[in-house]
Amino acid sequence: MRYARDVGALARKDLLLELRARDTLPAMLLFVVATFVVFHFSLPAHPSRLAASGLLWVAILFTALMGLGRAFVPEREQRVLDGLVLAPCDRSAIWLAKSLATLAFLVAAEVVALPVFALFFRPLSGHAVLGVALADVGICAVGTFLGAMAVMTRARELLLPLLFLPLAIPIVVGGVGAGAAASPGRYLGFLALYDALFAVICWASFEFVVAE
Amino acid sequence: MRGSSPPGKSSGATIVTVGRLPRIPLPALAVLCLVLVTTALALVFFVVPNDADQGFSQRIFYFHVSIAITAYACFAAGAWQALRHLWKRDPRADLAGYVAVHQGVIFGVLVLLTGSIWAKISWGHWWLWSEDQLVLFLVLFLFYCAYFMLRFSVEPGPQRANMSAVYALFGVVLIPVSFAAIRLAKGLIHPVVFTRHGPNFGGWILVTYCVAQAAMLVLAYTLYRVELAGKQLDARLRAVREVLA
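Residues numbered from 1 in each chain as written. Chains lettered and ligands numbered in written order. Predicted model: local features only at pLDDT ≥ 70, side-chain atom pairs only at ≥ 80, totals over all residues.

## Comments concerning the overall build of chain A
In terms of regular secondary structure, chain A is built from 9 helices and 0 strands. Traced from its N-terminal end to its C-terminal end, chain A shows the element sequence α-α-α-α-α-α-α-α-α. The C-alpha atoms of chain A give a radius of gyration of 17 Å, which matches the 17 Å a tight globule of 212 residues would have. If you line up chain A on its principal axes, its C-alpha atoms span 55 × 35 × 30 Å. Expressed as a percentage of the 212 residues in chain A, the buried residues total 46%. Across chain A, every contact between residues at least 6 apart in sequence was considered, and the portion connecting residues at least 24 apart equals 80%. (Helix = DSSP H or I, 4+ residues; strand = E, 2+ residues; numbered from the N terminus. Rg over C-alpha atoms; globule rule 2.2 N^0.38 Å. Buried ≥ 20, exposed ≤ 12 C-beta atoms within 10 Å, placed from the backbone. Contact = placed C-beta atoms within 7 Å.)

## Description of the overall build of chain B
Of regular secondary structure, chain B possesses 7 helices and 2 strands. If you list the helices and strands of chain B from N to C, you get α-α-α-α-α-α-β-β-α. Considering only residue pairs separated by 6 or more positions, chain B has 78% of its internal contacts joining residues 24 or more positions apart.

## Overview of the environment of A:F145
All names here are of chain A. Here F145 shows up in helix α7 (residues 126-151). Judged by the 28 C-beta atoms lying within 10 Å of it, F145 is buried. Beyond its immediate sequence surroundings of up to four residues, F145 is in contact with W95, C202 and F206.

## Focus: the interface of chain A and chain B
Counting from both sides, the interface comprises 25 residues of chain A and, opposite them, 25 residues of chain B. Sorting the residues of the side of chain A that touches chain B by element identifies α8 (159-180) and α9 (185-210) of chain A as the ones contributing at least two each. Ranked by the residues each element gives to the side of chain A that touches chain B, the list is headed by α8(A), at 10 residues. Counted by class, the side of chain A that touches chain B contains 18 nonpolar, 4 polar and 3 charged residues. (Nonpolar A, V, L, I, M, F, W, Y, C, P; charged D, E, K, R; others polar.)

## A short note on the environment of B:A73
Residues and elements named next belong to chain B. Within the secondary structure, A73 is located in helix α3 (residues 60-88). The exposure class of A73 is partly exposed, given the 19 C-beta atoms found within 10 Å. Separated by 148 residues in the primary sequence, A73 and Y221 place their C-alpha atoms 10.0 Å from one another. Setting aside its immediate chain neighbours within four residues, A73 contacts L217 and A220.

## Notes on unusual backbone geometry
Of note, A:R79 is a non-glycine position whose phi angle comes to about 55°, a positive value. By secondary structure assignment, the location of A:R79 is in the loop between α4 (73-77) and α5 (80-86). Given 8 C-beta atoms within a 10 Å radius, A:R79 is considered exposed. At B:R89, a position not held by glycine, the phi torsion is positive, near 60°. Relative to the assigned elements, B:R89 resides in the loop between α3 and α4 (93-123).

## Section: the packing of α3(B) against helix α7 (residues 203-244) of chain B
Residue and element names in this part refer to chain B. Interaxial distance between α3 and α7 falls to 9 Å at its minimum, and their mutual angle equals 40°. Our classification of the angle between α3 and α7 gives oblique. When the axes of α3 and α7 are compared, the crossing they make is right-handed. For the pair α3 and α7, the contacting residues are Y62, F63, S66, I67, I69, T70, A73 and C74 in the first and T208, Y209, A212, Q213, M216, L217 and A220 in the second. Across the contact of α3 with α7, the residue classes tally to 11 nonpolar, 4 polar and no charged. (Axes fitted to C-alpha atoms, helices over the stretch in contact; angles between N-to-C directions. Parallel < 35°, antiparallel > 145°, perpendicular 65-115°, else oblique. Left-handed = near helix turned anticlockwise from the far one by under 90°.)

## Observations concerning the nonpolar core
Counting residues in each nonpolar core, the largest one holds 136 residues, and the members touching the most others are A:V142, A:F145, A:M149, A:L163, A:L191 and B:V101. Tallying contributions element by element places α7(A) first for this core, with 14 residues. Discounting chain neighbours no more than four positions away, the residues touching A:L163 are A:L146, A:M149, A:A150, B:A146 and B:L150. (Core = buried A, V, L, I, M, F, W, Y, C linked by C-beta atoms within 7 Å.)

## Digging into the confidence of the model for chain B
All names here are of chain B. For chain B, the mean per-residue pLDDT works out to 84, and 84% of the residues sit at or above 70. Here residues 1-19 scores under 50 on pLDDT; set against residues more than four positions off or in separate chains, the count is 35 contacts. Counting contacts from residues 187-191, a segment whose pLDDT is below 50, to residues more than four positions away or on other chains yields 5 contacts. (pLDDT = per-residue confidence, 0-100.)

## Things to note about α9(A)
Here α9(A) contains 26 residues, and its C-alpha end-to-end distance of 37 Å stays within 8% of the 38 Å for a straight helix at 1.5 Å per residue. Its axis deflected by about 40° at A:A204, α9(A) carries its strongest bend there. (Expected span 1.5 Å × (residues − 1). Bend = angle between axes of the 7 residues up to and from the residue.)

## Here we look at the packing of helix α2 (residues 25-42) of chain A against helix α3 (residues 49-71) of chain A
Residue and element names in this part refer to chain A. Where α2 meets α3, the axes come as close as 9 Å, and the angle between the chain directions of the two elements is 150°. The orientation of α2 with respect to α3, classified from their angle, is roughly antiparallel. Crossing handedness for the pair α2 and α3: right-handed. Of the residues in α3, those touching α2 at A27, M28, F31, V32, T35, F36 and F39 are L55, A59, F62, T63, M66 and G67. For the contact of α2 with α3, a count of residues per class yields 10 nonpolar, 3 polar and no charged.

## Focus: the environment of B:L95
All names here are of chain B. Mapping L95 onto the fold places it in helix α4. Note on L95: 22 C-beta atoms within 10 Å, which makes it buried. In this structure L95 touches L228, K231 and Q232, once residues within four positions along its chain are discounted.

This is the structure we're talking about:
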């Protein structure tokens with residue numbers, strides 16, 4: 001119970017910050033729509049289902065990277081992370097709360113991006129949307145974890161895509177499969193498995209990243 | 001934080017912690033390695049018969065597969081050391097884990113090279129996306145290169161050790177997950193030599209493969225020991241310098 005309260009308080013802090021400063025979400029929205037426009041001009045006139053599905057995933061992944069890169073910036077600039085680590089709460093709550101906040105931003109961006117994608121390219125099936133939802137969980141869980149790592153390095157945001165993209169390849173495979181394959185069930189199951197597996201690892205090992 | 005203090009802070013402790021060396025002496029290991037690699041080369045080129053299907057070029061299999069398994073072994077050793085660091089707080093585990101991953105990446109690059117050569121000779125292309133193992137090693141190569149970027153972007157100390165260890169543990173989870181993903185993404189057209197009923201060959205072929213595998217494992221272990229000894233010496237030297245300064 002106490003754990004849930006801590007997570008709630010931390011996540012609320014992030015959402016409130018975003019509501020007041022509006023740093024991340026507008027940037028993500030503009031970025032994803034701009035990416036679609038760029039794709040329109042870089043692809044043949046009527047892209048196949050697989051090609052369209054592929055570019056949706058490239059757009060989602062890079063939009064998510066944008067949000068994840070920003071995730072721990074306020075903590076770093078205000079030196080909040082030291083305080084959070086010293087706070088009498090479980091350290092994994094910091095990761096969980098930040099993941100939930102990033103998930104909220106990503107879903108909010110996709111609520112706009114998916115209809116725009118359907119409008120510009122081709123409509124999405126229910127399985128594809130479910131695939132996006134499942135992938136979002138994995139992207140935010142792993143991405144937030146790696147974002148916390150990257151923010152503590154000298155290279156900072158530069159490092160996050162390098163750390164994140166190899167780990168995101170299975171997500172892309174599952175997501176594209178869920179949207180384009182004849183039997184999407186396997187791919188959705190794979191995405192769920194990925195989410196569960198990596199969420200548990202991130203949850204268990206976050207303490208080692210922030211504490212010495 | 002027990003034990004793994006950075007060299008800058010308590011140099012006396014560092015001298016003690018990096019002192020122990022593993023059992024088999026390095027010269028003996030080097031001789032064993034030389035004998036095994038020579039035997040493997042002799043067997044591969046002079047003893048084992050040509051493959052009925054692919055002819056002479058199939059002989060690269062003995063190195064390609066054994067190098068791949070050695071690379072996996074190195075990554076697994078890196079993850080094992082990472083676990084020891086996080087769990088037991090063994091002060092030697094951080095450096096050992098880094099060296100194991102380093103050897104794994106070197107062998108991983110060799111897998112990509114030998115795989116490319118084999119693909120070119122067998123199928124006429126230097127790169128085939130339908131080759132599960134090759135694609136997996138490309139993903140792992142990218143992942144472990146990022147490991148080095150991460151490691152060299154953090155000041156030496158307990159936090160770097162922790163972050164490297166956690167990332168190395170991610171790696172061993174990523175291997176089966178990526179493999180499953182690549183299988184999901186593509187149908188299998190690779191000739192399967194190992195089936196569920198054991199290796200699909202016998203006689204000299206099996207002997208040669210086993211010798212080549214042992215040679216590669218011992219080679220990797222020797223290189224690991226050489227690099228580790230060098231790195232430990234470096235750490236001790238730095239510690240001594242700090243004591244004198």
